[in-house]
Amino acid sequence: MTAPQSAPSPTLAQSLHFWARNASNESALLRTSLSVGLFDALPVEGEGAPVSVRQLAEKVGASVRGVRSLVELLVCLGLVRMDDARGLALACPVAAFLRDAAFRERLQEAARWWGPIGHLEEAVKTGEAVNHEGQRWDVLDHYGRLFLETTPAPSPEAEDFFDRFARSAARTWLLVAVGRLGLLEQLSTGPKDEAVLRAATGASERGLRRVLEVLAHLGITRTEGLTSTFTDEARQVLDGKALPYLLRSFSVSAQYWEALDRLEETVRHERYILDLKDPEVSRRFYADNSNQITAVFASHYQLSRRAAATIAQVRPLTGASVLDIGTGSGVWGVAFARTEPTAHVTYFDQEVVLAQARRNVEQLKALGQARFWPGNLFTQDFGEAAYDFIILPQVLNVLRPESLPDMFRRVARALKPDGILVIAEYVLNERRDGPLDHLYFGLRRFLTNEGDLLSHSEYGRLLADVGLTASVCLPLPTQELLLAARPGVTLPTQLAPPARTAA
Ligand SMILES: C[S@@+](CC[C@H](N)C(=O)[O-])C[C@H]1O[C@@H](n2cnc3c(N)ncnc32)[C@H](O)[C@@H]1O
């Protein structure tokens, strides 16, 4: 494990980004690894023979995929070591602090608070303890102990572990709660007195004071007397559209709260608490999510424009027929339409999501080149030799691994003989132990009964099975662009430079 003190302190912008996206995943990862018994079942490095994921899953009585989803992250974080034969062992410093009975008790006590923390908003309003599963929990007091008091840990590594285990998710939920209460919006318009903040948010005196204390501890606010304000750094980071964007990211994270709380059930029994394979749950979840996807339209549009330009380097898009499967906001297909005015783009998604795509396509004046096709991507026949380009943008991770061969079979059939399959996806490194953000994204896909993330060579094997034997994987800034085709089709080998302005 890297010594935590040696890492440079993240900026507030980096921290907020992490708290919005991955901090609750991190706490759930460590809490579940402990409760499932992974740390105890692993041999300590240098002491016993390393074990495989399968052996580990058998030992703790949990699903292989569930254990793998946790272990790959633990390897990435340096808590577990993996040798070249994928043998696993617990890192020595971790073994040392987990042998400390008092520290372990502290972890177990902190783990009990996940559910109660979900009632923070109510606690802030009432200033009282909340009811959770028949017991009273003083969540405000808990936040005080977590953030405002110091309890010595057995080592810096142990302190870092505790922080990730207990405080990471608590930070996320604090920001979810203050976002819902409208507190951050109030502060974004300038310094405010306590009475004004209480009237605007409905917070109790005790509740408001506690959250302001913790927000100050996190470097977000400052309080002098009765007046609170954003710190200078927070004001810069949360300027303009940044605050609503951040609040939406926190509200997306909040959708996973209960599923993360109950991750142990999913890892043990593959029982899905937020089951996106349930059509009604998926409809609601993605209808909600498409707002968020549209919110990130501008940044994804830069990626999709660059992908279209990359392909246009080796193959003209003139008159091309393009199919965008799982289009969401339409951001990938519309980039092809805007790159080449004679291209025709079919946008495929669930009906409820297509309305959003249509609005975006209309806004970019590409409606004349568009067809909207509602359907179910798990079963849809996409036709035969019909498309020059088929885009699978951030959609393979929706499919469970066993569905991929059939999906690729239908897609390969629908591609013209010289067609190119365009996959935008989080592609793992060949050891499957990074990048970290991709692995956290993969954990969420596992807990929602969706897909698995793969490495380039794992994709390559599945694609070769359907005749797409040529493939390249080009790294875009936040995800990878994987292009595949039949033998003899020219594929670009490097990315086009980023567009100077988004058209
Ligand atoms: C992660 S989003 C990707 C959105 C978009 N391609 C992008 O890159 O921003 C996955 C998309 O797959 C769609 N999807 C999920 N299950 C589906 C199904 N059974 N049939 C059709 N579309 C589905 C969702 O509605 C969602 O728009």
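About the criteria used
- Position numbers for residues start from 1 in each chain and track the written sequence from start to end.
- Totals for whole chains, interfaces and linings use all residues, but because this is a predicted model, local features are given only for residues with pLDDT of at least 70 and pairs of side-chain atoms are given and counted only at 80 or more.
- Side-chain measures were taken over the full set of non-hydrogen atoms in the model, leaving aside hydrogen atoms and water.
- One bridge is not enough; two strands pair if DSSP finds at least two bridges between them.
- Note on conventions: DSSP H or I runs of at least 4 residues are helices, E runs of at least 2 residues are strands, and numbering of each starts at the N terminus.
- The near set for a molecule or strand comprises every residue that places at least one heavy atom within 4 Å of it.
- Two N or O atoms count as a polar contact when they lie within 3.5 Å, although within protein this holds only if one can serve as hydrogen donor and the other as acceptor, and sequence-adjacent residues are included solely when both atoms are side-chain atoms.
- The protein chains shown are the only cover counted for residues, whose accessible areas, like all others here, come from Shrake-Rupley with a 1.4 Å probe.
- Residues are grouped as follows: Ala, Val, Leu, Ile, Met, Phe, Trp, Tyr, Cys and Pro are nonpolar; Asp, Glu, Lys and Arg are charged; every other residue, Gly included, is polar.
- Pairing of aromatic rings covers Phe, Tyr and Trp, the last through its six-membered ring, and needs centres within 6.5 Å; plane angles under 30 degrees mean stacked, over 60 mean edge-to-face, and all others mean tilted.
- Burial classification: accessible surface area is computed with a 1.4 Å probe over protein chains only, and a residue below 20% of its type maximum counts as buried, one above 50% as exposed, and the rest as partly exposed.
- Nonpolar cores were defined as sets of buried Ala, Val, Leu, Ile, Met, Phe, Trp, Tyr and Cys residues, with membership established by side-chain atoms within 4.5 Å.
- Residue ranges assigned to each domain were obtained from an automatic or database domain assignment.
- Contacts are assigned to residue pairs with any non-hydrogen atoms lying within 4.5 Å of each other.
- Note on geometry: axes are lines fitted to C-alpha atoms, helical ones only across the stretch in contact, with angles between N-to-C directions running from 0 to 180 degrees.
- Working definition: roughly parallel below 35 degrees, roughly antiparallel above 145 degrees, roughly perpendicular at 65 to 115 degrees, and oblique for all remaining angles.
- A simple way to read buried area is as the amount of 1.4 Å-probe accessible surface that goes missing from two parts once joined, with both sides added.
- Salt bridge, as used here, is a side-chain nitrogen of Lys or Arg placed within 4 Å of a carboxyl oxygen of Asp or Glu.

Lay out the pairing of strand 7 (residues 227–230) in plain terms, naming residues and giving numbers.
Relative to strand 7, strand 5 (residues 192–193) runs antiparallel, the two sharing two bridges. When the bridges of strand 7 are listed, Lys192 appears paired with Ser228. Pairing of strand 6 (residues 221–224) with strand 7, which is carried by four bridges, proceeds in the antiparallel orientation. Considered in strand 7, the bridge of Arg222 is made with Thr229. The turn joining strand 6 and strand 7, which pair antiparallel and follow one another in sequence, is formed by two residues; a positive phi near 60 degrees is taken by Gly225.

Break down the site of the ligand for me, citing the residues and quoting the values.
Contacts to the ligand come from 18 residues, most closely from Gly326, Asp349, Asn376, Phe378 and Pro393. For the ligand, a nitrogen atom lies 3.0 Å from a polar atom in the backbone of Leu377. In isolation the ligand offers 590 Å² of accessible surface; the protein chains occlude 93% of this area. Looking at the shell around the ligand residue by residue, the class counts come to nine nonpolar, eight polar and one charged.

Requested: an account of the packing of aromatic side chains, with residues and values cited.
Following the criterion strictly, the structure yields 17 aromatic pairs and no others. Considering the side-chain rings of Phe348 and Phe382, the 5.2 Å spacing of their centres and the 80 degrees angle between planes classify their relative orientation as edge-to-face. With Phe348 in strand 9 (residues 344–349) and Phe382 in the loop between strand 10 (370–374) and strand 11 (387–393), the pair connects residues that are 34 residues apart, well separated along the chain. One exposure class covers both Phe348 and Phe382, and it is buried. Site record: aromatic cluster; members linked through ring pairs are Phe39, Phe97, Phe103, Phe161 and Phe165.

Can you tell me about the nonpolar core, naming the residues and giving the values?
The biggest cluster of nonpolar side chains holds 113 residues, and the ones touching the most others in it are Val67, Leu88, Tyr143 and Ile220. Examining the composition of this core, we find that 14 residues originate from one element, helix 11 (residues 156–181), more than from any other. Viewed by domain, this core spans two of them, domain 1 (4–29 + 101–261) and domain 2 (291–485), each represented by three or more residues. Sequence-distant contacts of Tyr143, defined by excluding residues within four places in its chain, comprise Ile117, Leu120, Leu148, Ala170, Trp173, Leu174, Arg210 and Val214. Tyr301, Ala357, Leu364 and Leu476 belong to the second largest nonpolar core, which has 37 residues in total.

Please give an account of the packing of helix 1 (residues 12–21) against helix 11 that cites residues and values.
Remark: helix 1 packs on helix 11, axes separated minimally by 8 Å, with the N-to-C direction vectors making an angle of 90 degrees. In this view, helix 1 runs roughly perpendicular relative to helix 11, as classed from their interaxial angle. Contacts from Leu16, Phe18 and Trp19 of helix 1 reach helix 11 at Ser168, Arg171, Thr172 and Leu175. The residue inventory of the contact of helix 1 with helix 11, partitioned by class, reads four nonpolar, two polar and one charged.

Outline the domain arrangement of the chain, listing residues and values.
By domain assignment, the chain separates into domain 1 (4–29 + 101–261) and domain 2 (291–485). Distance from the C-alpha centre of domain 1 to the C-alpha centre of domain 2: 36 Å. Every contact between the two is made by 14 residues of domain 1 and, on the other side, 11 residues of domain 2. Summed over both partners, the interface of domain 1 with domain 2 comes to about 1,200 Å²; 56% of that surface belongs to carbon and sulfur atoms. On the domain 1 side of the interface with domain 2, the three residues burying the most area are Asn22, Asn25 and Tyr256, jointly 39% of the side's total. Counting every contact that joins domain 1 to domain 2 gives zero salt bridges.

Describe the pattern of salt bridges, listing the residues and the values that go with them.
The full count for this structure, using the stated rule, is 40 salt bridges. Of the charged contacts, one joins Asp452 and Arg432 as a salt bridge, the two residues approaching to 3.8 Å between their closest N and O atoms. Here Asp452 is found in the loop between helix 24 (436–447) and helix 25 (456–465), whereas its partner Arg432 is found in the loop between strand 12 (415–425) and helix 24, with 20 residues between them in sequence. In terms of burial, Asp452 and Arg432 fall into one category: buried. When salt bridges that share partners are traced, they join Arg68, Glu72, Arg86, Arg432, Asp452 and Glu458 into one network.

Can you explain the environment of Thr310? Please cite residues and give values.
Position of Thr310 among the secondary structure elements: in helix 20 (residues 297–312). Separated by 219 residues in the primary sequence, Thr310 and Ala91 have C-alpha atoms spaced 43 Å apart. Those residues in contact with Thr310 that sit more than four places away from it in its chain are Leu474, Pro492, Gln494, Leu495 and Ala496.

Describe the environment of Val281, listing the residues and the values that go with them.
Tracing the backbone shows Val281 in helix 19 (residues 279–295). Note on Val281: relative accessible area 17%, which makes it buried. In this structure the C-alpha to C-alpha distance between Val281 and Gly383, which are 102 residues apart in sequence, comes to 28 Å.

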